[in-house]
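Structural overview
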Amino acid sequence: MHIHPLITKTQDLADLCERLAKHDFVCVDTEFMRENTYYPLLCLIQIGNEEEAAAVDPLADGIDLTPLLDLMCENEEVLKIFHAGGQDVEIIYNLTGKTPHPIFDTQIAMMAISQSEQIGYANLVESWLNKTIDKGARFTDWSRRPLTERQIEYAIGDVTYLAKIFPKILKKLIKTDRGHWLNAEMEKLADPSNYANDLDVAWQRIRSPGRNPAVLGRLKALAAWRETEAQDKDIPRGRIIRDETLADLASHPPKKQADLAKVRGLSNAWKENDIGRRLMKVLTNAEPMDKDEMPDKPKRGAPLGKEGALVADLLKLLLKIRSREIDVASRLLTRSDELEALAAGVRKLPVLEGWRFEVFGKDALDLVEGKLAFAVEKGRLKMTHIDEAKAEEAEAAGAE
């Protein structure tokens, strides 16, 4: 594989992207900083395939990232490979308003061919290539220039190894016929709505202080205001006001700006500064939350009852057995809350549809309906279909 020097010129980037666009897939990774900013600061982009790879400096003077962004978001012929790519996709969305497509995430793919829930990149490389990654450059300041050779070498490794691993994962997915299991998961990763910054729903990130429409209306208004303030200043939203303080202000709004000095989490300066005035204006103009926006009532107690809870526990045991048998991450099949809903009598669930039903849901439903039992055979716990067991017993009795 040919490793290019650090790309700092638009023409060099355009030439690289033109070549990469002729291949079936391209591996992508980014290095960024977000500790002190609202938006992640993109510091480095690594891109490559099985033949060549390079690191691109987005902070280089005069460089235009359009060739790379077009390859990511406009070219439907090239598959974009990431590992745990949520934040990488977010960065590309912030730059373009679009997401890479089509997309493939090796961390998600590993759930379909192993019991790994969220395998890290270093473990992925060790598992497939038997190589150990030097993590020494992982937590360096990627915004500083010049970048060291060690930093660049470490960063490019994130795509060179991925280019070798992806075909192996793909081969196993084809062999096990599990590629279609991942279609919905990959589309979900590429869904632009996951990355859109909708001010109207910013309040949902904060633990709701009850279900009072007036309180929630203030919380919604305050949360949207905080997002705007943080964006304008390009600082993390928590640097404006922490979540707990925001919820407290929504529940116990001060009557005048001078009272802000008494609010835990705000400095004395808020009683007379401009940001304090803007906050008070938001509180004054906030309207009660509309009925259709109100959050669902929280479930109290154990909705399943004692027997239902036992059935849910059996379903979770069944999930462990099936995940081990077919070597798949249980989270890809279903979640605990879904199993509890199944035990409670709900039948419109993802686990009872499509491939999930064939692989696990059918047996889960049989267990709930008394058609499946657990048995121990040679020291191992296994599932037994009651009707099949009775038929085998009858056949054995007839043979005697």
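Scope of this entry: the structure provided in the associated data block. Predicted model only: the values in this text are computed from it and were never measured.

A word on the side chain of Arg322
- Looking at the element boundaries, Arg322 is found in helix H12 (residues 305–326).
- Given the relative accessible area of 12%, Arg322 is considered buried.
- Among the polar contacts made by the side chain of Arg322, one reaches the side chain of Asp363 at a distance of 2.7 Å.
- In this structure Arg322 touches Leu333, Val359, Phe360, Asp363 and Met383, once residues within four positions along its chain are discounted.

Focus: helix H4 (residues 106–113)
- The buried fraction of H4 amounts to eight of the eight residues, a majority that puts the element mostly inside the structure.
- Thr106, Gln107, Ile108, Ala109, Met110, Met111, Ala112 and Ile113 are the residues of H4 that are buried.
- Lining the buried residues of H4 we find strand S5 (79–82), strand S6 (103–105), helix H5 (121–129), helix H6 (149–176), helix H7 (183–189) and helix H13 (330–333).
- The distance from a side-chain oxygen at the start of H4 to the backbone nitrogen of Gln107 is 2.8 Å, and the residue carrying that oxygen is Asp105.

Quick look at the packing of aromatic side chains
- Scanning the entire structure with this criterion turns up six aromatic pairs.
- Look at Tyr38 and Tyr39: their rings are 4.8 Å apart centre to centre, the planes differ by 80 degrees, and that puts the pair in the edge-to-face class.
- A centroid spacing of 6.2 Å and a plane angle of 40 degrees characterise the contact between Tyr93 and Tyr195, whose relative ring orientation is tilted. Remark: Tyr195 occurs in the loop between H7 and helix H8 (213–233) and Tyr93 occurs in helix H3 (residues 86–96); sequence separation between them is 102 residues.
- Residue Tyr195 is classed as buried on the basis of its relative accessible area of 13%.
- Following the ring pairs from residue to residue traces out a cluster consisting of Phe25, Phe104 and Phe166.

So, the packing of H8 against helix H11 (residues 274–285)
- Relative orientation of the contacting elements H8 and H11 amounts to 150 degrees, with a least axis distance of 9 Å. As far as their axial angle goes, H11 and H8 are roughly antiparallel. Judged by the twist between their axes, the crossing of H8 over H11 is right-handed. On the side of H8, the interface is formed by Arg218, Ala221, Leu222, Trp225, Glu229 and Lys233, while H11 contributes Ile275, Arg278, Leu279, Val282 and Leu283.
- Broken down by class, the residue content of the contact of H8 with H11 amounts to seven nonpolar, no polar and four charged.

Section: the pattern of salt bridges
- The final tally for this structure, using the stated rule, is 24 salt bridges.
- Here Glu185 makes a salt bridge to Arg356, at a shortest N to O gap of 3.0 Å. Taken as a pair, Glu185 in helix H7 and Arg356 in helix H15 (residues 354–368) lie far apart in primary sequence, 171 residues in all. Across this residue pair, the class does not change: Glu185 and Arg356 are buried.
- Here Arg277 makes a salt bridge to Asp274, at a shortest N to O gap of 2.4 Å. Here the residue Arg277 and the residue Asp274 both occupy positions in helix H11, the gap between them amounting to three residues, near one helical turn.
- A single network of salt bridges, built from pairs that share partners, joins Glu185, Lys188 and Arg356.

A few points about the environment of Arg34
- Mapped onto the elements, Arg34 comes out in the loop between strand S2 (25–33) and strand S3 (41–48).
- Classification of Arg34 as partly exposed rests on a relative accessible area of 30%.
- For the pair formed by Arg34 and Met111, sequence separation is 77 residues and the distance between their alpha carbons is 28 Å.
- At 3.1 Å, the side chain of Arg34 forms a polar contact with the side chain of Gln87.

With respect to the layout of surface pockets
- Considered as a void within the structure, the largest pocket measures approximately 850 Å³ in volume.
- Lining the largest pocket are 27 residues, with Asp29, Glu31, Arg138, Tyr154 and Asp158 positioned closest to its centre.
- The element that contributes the greatest number of residues to the lining of the largest pocket is S2, accounting for six residues.
- Among the residues forming the lining of the largest pocket, the class breakdown is 12 nonpolar, seven polar and eight charged.

Concerning empty space enclosed by the protein
- Scanning the entire structure with this criterion turns up one cavity of 30 Å³ or more.
- As a volume, the largest cavity reaches approximately 50 Å³.
- Lining the largest cavity we find Val28, Thr30, Leu42, Ile45, Leu68, Leu69, Ile91, Ile92 and Leu95.
- Elements with a contribution of two residues or more to the lining of the largest cavity: S2, S3, helix H2 (66–73) and H3.
- No other element matches H3, which puts three residues into the lining of the largest cavity.
- In terms of residue class, the lining of the largest cavity is made up of eight nonpolar, one polar and no charged.

Rules used in this analysis
- Residues numbered from 1 in each chain as written.
- Predicted model: local features only at pLDDT ≥ 70, side-chain atom pairs only at ≥ 80, totals over all residues.
- Heavy atoms only, no water.
- Helix = DSSP H or I, 4+ residues; strand = E, 2+ residues; numbered from the N terminus.
- Buried < 20%, exposed > 50% of the residue type's maximum accessible area, 1.4 Å probe, protein only.
- Polar contact = N/O pair within 3.5 Å; in protein donor to acceptor, adjacent residues only side chain to side chain.
- Contact = heavy atoms within 4.5 Å.
- Phe/Tyr/Trp six-rings, centres within 6.5 Å; stacked < 30°, edge-to-face > 60°.
- Axes fitted to C-alpha atoms, helices over the stretch in contact; angles between N-to-C directions.
- Parallel < 35°, antiparallel > 145°, perpendicular 65-115°, else oblique.
- Left-handed = near helix turned anticlockwise from the far one by under 90°.
- Nonpolar A, V, L, I, M, F, W, Y, C, P; charged D, E, K, R; others polar.
- Salt bridge = Lys/Arg side-chain N within 4 Å of Asp/Glu carboxyl O.
- 1 Å grid on protein atoms, 1.4 Å probe; cavity = no way out; pocket = protein on both sides within 12 Å on 5 of 7 lines; lining within 4 Å.
- Points joined across faces, edges and corners; volume = space filled by probe spheres on them.

On their own, these measurements won't tell you what the molecule is for.
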